[in-house]
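Residues per chain are reported as follows:
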Protein chains: 2
Amino acid sequence: MENGKIYVIGLGPGGRAQMTERAVRALEKCGCIAGYGLYLELIAGLIEGKERIETGMTREIDRCKAARDAALSGKTVALVSSGDAGVYGMAGPLLEVSAGYEIDIEIIPGITAACSGGALLGSPLTCDFACVSLSGLLTPWEVIERRLRGAAAGDFAIALYNPASKKRTDALPRACAILLETLPPETVCGLVRSIGREGESRALTTLGELAAQPCDMLTTVFIGNSATRVIDGWMVTPRGYRGV
Amino acid sequence: MENGKIYVIGLGPGGRAQMTERAVRALEKCGCIAGYGLYLELIAGLIEGKERIETGMTREIDRCKAARDAALSGKTVALVSSGDAGVYGMAGPLLEVSAGYEIDIEIIPGITAACSGGALLGSPLTCDFACVSLSGLLTPWEVIERRLRGAAAGDFAIALYNPASKKRTDALPRACAILLETLPPETVCGLVRSIGREGESRALTTLGELAAQPCDMLTTVFIGNSATRVIDGWMVTPRGYRGV
């Protein structure tokens, strides 16, 4: 029997309107859909009647192996991530667990939260920027700390993914304390929540006030660079570097 | 007369299939389209018969002002960027030139080259990453150098935008020399060209060999972090941090 194919698909932030046509067409080709239940709900209309491989939020490796094995049995499989498939997504782990197997893999990008959340706030990432996840589940805190220091040293605008979860409420305050060692407390910051979904919200603040903002696993946090400012309620990082 | 509205739209890397449904629908609402000629060609079928505001590649501020003035005259305007509207795109400059005017602005994100190029190579940006533009047109080289050093210090995977142009061929070799001060020459690197368009190509290399690779204004360069490796021809940054 010939092996099937796996499409690793980035869904973008919300439902169908935020997906590319390429992603929608790939989903249509697949008889078997693997993904976290919450994300599958967002695209329920597109995958009605298809076989589903669902696993819990933190069982990504199991999900990748199940997708790989389904492809090895000849199926055409969609492995879906919210946002982009490559940014804190399923493309990396799928390629790791598929090493040495002869499976046709196609990765279809989607809009990551740095871009979708940035658009809600204005243009916080106009120039050079860094994305850092504050989840310590897979990355030791020393590495996260090194990343934050490197981003601050480079005067990058920063998008913080996974700033908090139910169990993990101290990550954002710790990150703020590290950044405040070198960045001024008046640095412009923004938060977005539930991008492209029901209850979408946004807020502007400063680095000095950021640690006190309400924040959960659906929040993405933006920290401006030294030139970022607020214009008519938008968070804007200028394109050029004036006065440097 | 009431003011019109401006949609700032990220087109993603290529033609219609790489755009979101939201972006396509917004374009349909607009009678007037402002953008760089090359990008307008990619969406020619979607904007047939509409008024066009075209300016050269480096006349972005003029284009933003023309879009603003068209909206002030009551028109519904699309201001388009390739990739994402907020990453080296038109959202920032448009918000700057529209400061104080009462214009309804909606920013519609698109897939930036870090994501679309990453998907072609595999998953180079699975974990924390930084985007740095090597164009010195708007950013002094000292700032670019500071960003590169910060990214290397943080062990970020890096996506380099604008690594070269016809006139500017020394930027990538200079960037490589800076990174090689701290990163090993065997660091996994990748290049993608003309993502999602005719002549799309990809190549894998190492940081030690990167400066010698052919590279132009349509190229995006990826530099792995200390854990990035090649798996079955894909450039893969593992999700977790093993052995740190």
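Look above for the structure.
A brief look at the structure comes next. The shown structure was predicted, so the numbers you read here are calculated from the model rather than taken from an experiment.

Conventions we followed
- Residues numbered from 1 in each chain as written.
- Chains lettered and ligands numbered in written order.
- Predicted model: local features only at pLDDT ≥ 70, side-chain atom pairs only at ≥ 80, totals over all residues.
- Heavy atoms only, no water.
- Pairing = 2+ DSSP bridges.
- Helix = DSSP H or I, 4+ residues; strand = E, 2+ residues; numbered from the N terminus.
- Salt bridge = Lys/Arg side-chain N within 4 Å of Asp/Glu carboxyl O.
- Buried < 20%, exposed > 50% of the residue type's maximum accessible area, 1.4 Å probe, protein only.
- Phe/Tyr/Trp six-rings, centres within 6.5 Å; stacked < 30°, edge-to-face > 60°.
- Lys NZ or Arg CZ within 6 Å of the ring centre and 35° of its normal.
- Contact = heavy atoms within 4.5 Å.
- Nonpolar A, V, L, I, M, F, W, Y, C, P; charged D, E, K, R; others polar.

**With respect to the sheet that holds strand 12 (residues 229-231) of chain A**
All names here are of chain A.
Working step 1: Spatially, the three strands line up as an open sheet ordered 6-13-12, and their pairing is mixed. The sheet is open, and its two borders are formed by strand 6 (122-123) and strand 12, each paired with just one other strand.
Working step 2: Across three bridges, strand 12 lies against strand 13 (residues 234-236) in antiparallel orientation. Residue pairing in the sheet places I231 in a bridge with W234 of strand 13.

**So, the pattern of salt bridges**
Residue and element names in this part refer to chain A.
Working step 1: With the rule as written, the count across this model stands at 36 salt bridges over all chains.
Working step 2: Its salt-bridge partner being K5, residue D104 comes within 3.7 Å of it at the nearest N-O pair. Note that D104 is positioned in strand 5 (residues 104-108) and K5 in strand 1 (residues 5-10), a separation of 99 residues in sequence.
Working step 3: Of the charged contacts in the structure, one is a salt bridge between D216 and R193, with a shortest N-O distance of 2.6 Å. One end of the pair, D216, is in the loop between helix 8 (207-210) and strand 11 (219-223); the other, R193, is in strand 9 (residues 188-193), and 23 residues separate them in sequence.
Working step 4: Taking the relative accessible area as the measure of exposure, D216 reaches 22% and is therefore partly exposed.
Working step 5: Residues joined in a network through salt bridges with shared partners are K5, R22, D104 and E106.

**Points about the packing of aromatic side chains**
Working step 1: Within the structure shown, the criterion is met by five aromatic pairs over all chains.
Working step 2: Relative to Y39(A), the ring of Y36(A) has its centre 5.2 Å away and its plane inclined at 75°; by these criteria the two rings are edge-to-face. Comparing Y36(A) with Y39(A) shows no difference in burial state: the two are buried.
Working step 3: Here the guanidinium or amino end of R147(B) rests over the ring plane of F156(A), the centre of that ring lying 5.7 Å away.
Working step 4: Taking NZ or CZ as reference, R174(B) lies 4.2 Å from the ring centre of W141(B), over its face.

**Some remarks on unusual backbone geometry**
All names here are of chain A.
Working step 1: At D155, a residue that is not glycine, the phi angle is positive and equals roughly 55°.
Working step 2: Within the secondary structure, D155 is located in the loop between helix 6 (141-153) and strand 8 (157-161).
Working step 3: On the basis of relative accessible area, D155 is assigned to the buried category, the value being 7%.
Working step 4: Its identity is not glycine, yet S194 carries a phi of approximately 50°, on the positive side.
Working step 5: Inspection of the secondary structure puts S194 in the loop between strand 9 and strand 10 (201-206).
Working step 6: Exposure remark for S194: the relative accessible area of 7% places this residue in the buried category.

**Brief notes about the interface of chain A and chain B**
Working step 1: Across the contact, 68 residues belong to chain A and 68 residues belong to chain B.
Working step 2: At the boundary of chain A and chain B, one finds ten salt bridges.
Working step 3: The partner of R229(B) in a salt bridge is E96(A), with the nearest N and O atoms 3.5 Å apart.
Working step 4: Here the side of chain A that touches chain B gets seven residues from one element, more than from any other, and that element is helix 6 of chain A.
Working step 5: For the side of chain A that touches chain B, the class distribution of residues is 35 nonpolar, 19 polar and 14 charged.
Working step 6: In the sheet, strand 7 (residues 129-133) of chain A pairs with strand 7 (residues 129-133) of chain B via three bridges, with the strands oriented antiparallel. Considered in strand 7 of chain B, the bridge of F129(A) is made with C131(B).

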